[in-house]
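The residues making up each chain are set out below.
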Amino acid sequence: MSFYVVVGAGPVGRETARLLGEEGHDVVLTSRSVGSNALRNVRAIQANATDASELSRICRGAEAIFMCAMATYHRWPTDFFPIIDGTVRAAEAVGAKLIVLGNLYGYGKNADGPLRSDLPLDPTSKKGTARTIMWQRAVRADVPAIEVRSSDYLGHGAISYFSLVALPSIIEGKPTAFIGDLDATHAWTFTKDVARTLVAASRYTGEWGRAFHVPSQYASPRELIQKTAAMLAREVSETRSYSVPEMEALGMHELIEMSYLFESPLLVDSSDAEALLGVKASSLEEMLADTLRDHL
């Protein structure tokens, strides 16, 4: 059995640690606020990933480090870089492989779909630029690195545009508003599928220094809202899209920058992850059931 370190104790980090622990590996789950832990073979250690020396001590002997930490959304351009730098330095210090959790922002709004994992990164947003620089720093490390890129999350405890903007109104049976074109097909990624892809990527025997896309399911925002309401036995009397002035008035400034992701179909090619890693997307129904676990 091997020793692994998972940096970041959000839904994906915890699920990644759980999967590794259930396989019998020795796992450390670490973050600044790691909280309680009852996962098999998983030790929770509070630590700050920006402190490379501290993280290196924790990671001594690790075969791989999973970088699943998050920064506060509006502070990505400043707060993410110390996190990735500390994690990279720790991986280099102990000679561990590095698997980075990323997303699709780096491709930018000019990329043609379906998005392939070998497309050049061409960010058109501050957040996309931050993600691109993070991957550049990881791939330049003196250890093998892989990035696993996901689309918008579904899953228990996941923080996403859907969970923040639409889900509360659906649960309360109120008129529901979202962003972009409500009828544009969109890729939705299950947090548990993200964790499965991370674990599978850590065992990839091909050439590293590359990315994989998490297999996802597709539905337009309107379809997802309707499916969610039906699962909750709720009636959604109205579904509409926020205008930019409305988003500005409501303080949704971070959404405005990324709203291009919902203005046209977002299609993702994950065929390489399916063929090379053996990962398949869970059903949309399973994703929604897990998302709504506290409400069903």
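Residues numbered from 1 in each chain as written. Predicted model: local features only at pLDDT ≥ 70, side-chain atom pairs only at ≥ 80, totals over all residues. Heavy atoms only, no water.

1. Let's talk about the overall build of the protein
Counted only if it meets this: Helical segments are the DSSP runs of H or I of at least four residues, strand segments are the runs of E of at least two, and each set is numbered from the N terminus. The classification of residues rests on relative accessible area computed with a 1.4 Å probe and restricted to protein chains. Under 20% of the type maximum is buried, over 50% is exposed, and intermediate values are partly exposed. We call two residues in contact when some of their heavy atoms are within 4.5 Å. To measure how exposed things are, a 1.4 Å probe is used in the Shrake-Rupley method; for residues, cover is taken only from the protein chains shown. In this charge count, Lys and Arg are treated as positive and Asp and Glu as negative; neither His nor the chain ends contribute. Positions of charges follow a simple convention, taking NZ of Lys, CZ of Arg, CG of Asp or CD of Glu.
In terms of regular secondary structure, the protein is built from eleven helices and twelve strands. Here the protein holds 296 residues, and the buried ones make up 53% of them. At a minimum sequence separation of 6, the contacts of the protein that also span at least 24 residues come to 73%. Accessible area of the protein: about 12600 Å², with a carbon and sulfur share of 48%. Here the protein holds 29 positive side-chain charges and 36 negative ones, and the gap between their average locations is 5 Å.

2. Quick look at the sheet that holds strand β2 (residues 26-31)
Worth spelling out the cut-off: One requirement defines pairing of two strands: DSSP has to find at least two bridges between them. Between N-to-C directions, angles cover 0 to 180 degrees, with each direction set by a line fitted to C-alpha atoms, over the stretch in contact for helices.
The sheet built from seven strands is open, its strands ordered β3-β2-β1-β4-β5-β6-β10 with parallel pairing. On the outer flanks of this sheet lie β3 (42-46) and β10 (210-213), each paired with one strand and no other. Taking each pair of neighbouring strands and ignoring which way they run, the sheet shows an average axis angle of 20 degrees. Note: β2 against β3, five bridges, orientation parallel. Looking at β3, one finds that Val28 is bridged to Arg43. Along the sheet, helix α2 (residues 52-59) makes contact with β1 (3-7), β2, β3 and β4 (64-67), crossing β1 at roughly 145 degrees. Helix-sheet contacts for helix α3 (residues 76-94) involve β1, β4 and β5 (97-103), and the interaxial angle to β4 is about 175 degrees.

3. Brief notes about the side chain of Ser163
Going by this rule: Residues adjacent in sequence count toward polar contacts only when both atoms are side-chain atoms; beyond that, a polar contact is any pair of N or O atoms within 3.5 Å, and within protein one must be able to donate a hydrogen and the other to accept it.
Among the secondary structure elements, Ser163 is positioned in helix α5 (residues 161-172). Within the structure, Ser163 has its side chain in polar contact with the backbone oxygen of Ala158 (distance 3.2 Å). Of note is the side chain of Ser163, whose polar atom sits 2.9 Å from the backbone nitrogen of Ser160.

4. As for the packing of aromatic side chains
Here is the rule we go by: We call Phe, Tyr and Trp rings a pair once their centres come within 6.5 Å, taking the six-membered ring for Trp, and we label the pair stacked below 30 degrees between planes, edge-to-face above 60, and tilted otherwise.
Scanning the entire structure with this criterion turns up eleven aromatic pairs. Measuring from centroid to centroid gives 6.2 Å for Trp188 and Phe262, while their planes differ by 45 degrees, and the two rings are tilted. Of this pair, Trp188 sits in strand β9 (residues 186-190) while Phe262 sits in the loop between α9 (253-258) and α10 (271-277), placing them 74 residues apart in sequence. Judged on exposure class, the residue Trp188 and its partner Phe262 are both buried.

5. A look at the state of the cysteines
Put simply, the rule is: The rule for a disulfide is simple: a pair of cysteine sulfur atoms within 2.5 Å.
Counted under the stated rule, the structure contains zero disulfides. Of all cysteine sulfurs, the one in Cys68 lies closest to Cys59, which takes part in no disulfide; the gap is 12 Å. Overall, Cys59 belongs to the buried group, its relative accessible area being 0%. Cys68 gets classed as buried once you look at its relative accessible area, which sits at 6%.

6. Looking at the pattern of salt bridges
Test applied: A carboxyl oxygen of Asp or Glu within 4 Å of a side-chain nitrogen of Lys or Arg is what we treat as a salt bridge.
Inspection of every chain in the model, using the stated rule, returns 21 salt bridges. With a closest N to O distance of 2.4 Å, Lys127 and Glu254 form a salt bridge. Pair noted here: Lys127 is in helix α4 (residues 126-139) and Glu254 is in helix α9, with a separation of 127 residues, a long-range link. Overall, the relative accessible area of 2% leaves Lys127 in the buried class. Through salt bridges with shared partners, one network takes in Lys127, Glu254 and Glu257.

7. Topic: the packing of helix α1 (residues 11-22) against helix α6 (residues 191-201)
To describe two helices that pack against each other, one gives the angle between their axes and the distance between the axes. As a reminder, the rule being used: Here the angle decides the label: under 35 degrees means roughly parallel, over 145 means roughly antiparallel, 65 to 115 means roughly perpendicular, and every other value means oblique. What makes a crossing left-handed is the near helix being turned counterclockwise from the far one by less than a right angle; a clockwise turn instead makes it right-handed. In this count, Pro and Cys sit with the nonpolar residues alongside Ala, Val, Leu, Ile, Met, Phe, Trp and Tyr, while Asp, Glu, Lys and Arg are called charged and the others, Gly among them, polar.
Where α1 meets α6, the closest approach of the two axes is 8 Å, and the angle between their N-to-C directions is 55 degrees. In terms of axis orientation, α1 runs oblique to α6. With respect to the hand of their crossing, α1 and α6 are arranged in right-handed fashion. Residues Pro11, Val12, Glu15, Thr16, Leu19 and Leu20 of α1 touch α6, and the partners they reach there are Thr191, Lys192, Val194, Ala195, Arg196, Leu198 and Val199. Looking at side-chain class alone, the contact of α1 with α6 contains eight nonpolar, two polar and three charged residues.

8. Here's the deal with the pairing of β10
The alternating pattern of β10 places Arg210 and Phe212 and Ala211 and His213 on opposite faces, both of which are buried. As judged from the four bridges shared by strand β6 (residues 145-150) and β10, these two strands associate in the parallel manner. Paired with Val148 across the two strands is Phe212, which belongs to β10.

9. Examining helix α7 (residues 221-231)
Because an α-helix completes one turn every 3.6 residues, residues spaced three or four positions apart along the sequence face the same direction. Filter applied, for reference: Note: the arc covers the axis-to-C-beta directions of the helix.
Along α7, the positions that sit buried rather than exposed are Pro221, Leu224, Ile225, Thr228 and Ala229. The buried residues of α7 occupy an angular sector of 130 degrees when the element is viewed end-on, so they sit on one face. Residue Ala233 follows α7 closely and has a positive phi angle near 55 degrees.

10. A short note on the UniProt feature "domain: NAD-dependent epimerase/dehydratase" (unreviewed entry) in the protein
We count it as follows: UniProt positions are given in the numbering used here, feature names are shortened, and annotations may be inferred rather than shown by experiment.
UniProt records the feature "domain: NAD-dependent epimerase/dehydratase" (unreviewed entry) at residues 6-204, using the numbering of this structure. What you have in residues 6-204 is 38% helix and 21% strand, and the ends, taken at the C-alpha atoms, are 18 Å apart.

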